[in-house]
Amino acid sequence: MPADKKKSKHKVQIDEDALYDLLYHILWCKESMYEEADFRIMVPDTVIFRNGKPYVWYFSNKEGKVLRKKEMTLNLENVKKSFLKKKGKYGIVAYY
């Protein structure tokens, strides 16, 4: 087997939750770093939980800019109220 085709003996363990958190964080940071860029992405309200509590809440505004809710709004009551108020035609979609 050629050297470049050898299988690695090392397995990389990926924390799927951390990967999602990082993805949304990069999209949010991109917005603040590249204000003049014409890059739009529509992110539905996405709440990431840590230890059973809302940790961060991402969403896109009408212009496609990725934003985060303020820390003071991060509580279960506000999440529940917001998600039940804005139910789309497919209802609430969640991943755990």
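To start, this report covers the structure provided alongside it. Just so it is clear, the model here is predicted, and its values are computed rather than measured.

## Observations regarding the overall build of the chain
Part 1 of the reasoning: When its secondary structure is counted, the chain shows two helices and three strands.
Part 2 of the reasoning: From first element to last, N terminus to C terminus, the chain shows the α and β order α-β-β-β-α.
Part 3 of the reasoning: Evaluated residue by residue, the chain yields a buried proportion of 23% over its 96 residues.
Part 4 of the reasoning: Here the contacts in the chain between residues at least 6 apart in sequence split such that 38% fall between residues at least 24 apart.
Part 5 of the reasoning: Of the roughly 8,700 Å² of accessible surface on the chain, 57% is carried by carbon and sulfur atoms.

## Some details on the sheet that holds strand 3 (residues 66-68)
Part 1 of the reasoning: Pairing within the open sheet is antiparallel, and its three strands lie in the order 1-2-3. Looking at the sheet topology across the chains shown, the edges are occupied by strand 1 (46-50) and strand 3. Taken pair by pair, the neighbouring strands of this sheet meet at an average axis angle of 25°, ignoring direction.
Part 2 of the reasoning: As defined by bridge partners, strand 1 adjoins strand 2 (residues 53-60) across five bridges and the pair is classed as antiparallel. Following the sheet pairing, Phe49 is matched in strand 2 by Pro54.

## Looking at the side chain of Asp21
Part 1 of the reasoning: On the secondary structure map, Asp21 appears in helix 1 (residues 16-33).
Part 2 of the reasoning: With a relative accessible area of 11%, Asp21 lands in the buried category.
Part 3 of the reasoning: Filtering out sequence-adjacent residues up to four positions away, Asp21 remains in contact with Ile48, Arg50, Tyr55, Val56 and Tyr58.

## Notes on the environment of Thr73
Part 1 of the reasoning: Looking at the element boundaries, Thr73 is found in the loop between strand 3 and helix 2 (76-85).
Part 2 of the reasoning: Along the chain, Thr73 and Pro54 lie 19 residues apart, while their C-alpha atoms are 9.6 Å from each other.
Part 3 of the reasoning: Look past the residues within four positions of Thr73 in its chain and what remains in contact with it is Trp57 and Asn78.

## Some remarks on the packing of aromatic side chains
Part 1 of the reasoning: Taken as a whole and judged by the stated rule, the model has two aromatic pairs.
Part 2 of the reasoning: A centroid spacing of 5.6 Å and a plane angle of 20° characterise the contact between Tyr24 and Tyr58, whose relative ring orientation is stacked. Placement of Tyr24 in helix 1 and of Tyr58 in strand 2 is noted, with a sequence separation of 34 residues between them. The two residues Tyr24 and Tyr58 agree in class, both being buried.

## With respect to the pairing of strand 2
Part 1 of the reasoning: A large share of strand 2 lies buried, amounting to six of its eight residues.
Part 2 of the reasoning: Hairpin connection between strand 1 and strand 2: a loop of two residues separates the two successive antiparallel strands, and Asn51 in this loop has a positive phi of roughly 55°.
Part 3 of the reasoning: Direction of pairing for strand 2 relative to strand 3: antiparallel, over a ladder of three bridges. What sits directly across from Phe59, in strand 3, is Leu67.
Part 4 of the reasoning: Remark: five residues form the turn of the hairpin made by strand 2 and strand 3, two consecutive strands paired antiparallel; Gly64 in that turn has positive phi of roughly 85°.

Criteria and cut-off values
- Residues numbered from 1 in each chain as written.
- Predicted model: local features only at pLDDT ≥ 70, side-chain atom pairs only at ≥ 80, totals over all residues.
- Heavy atoms only, no water.
- Helix = DSSP H or I, 4+ residues; strand = E, 2+ residues; numbered from the N terminus.
- Buried < 20%, exposed > 50% of the residue type's maximum accessible area, 1.4 Å probe, protein only.
- Contact = heavy atoms within 4.5 Å.
- Areas by Shrake-Rupley, 256 points an atom, 1.4 Å probe, with all protein chains shown as cover.
- Pairing = 2+ DSSP bridges.
- Axes fitted to C-alpha atoms, helices over the stretch in contact; angles between N-to-C directions.
- Phe/Tyr/Trp six-rings, centres within 6.5 Å; stacked < 30°, edge-to-face > 60°.

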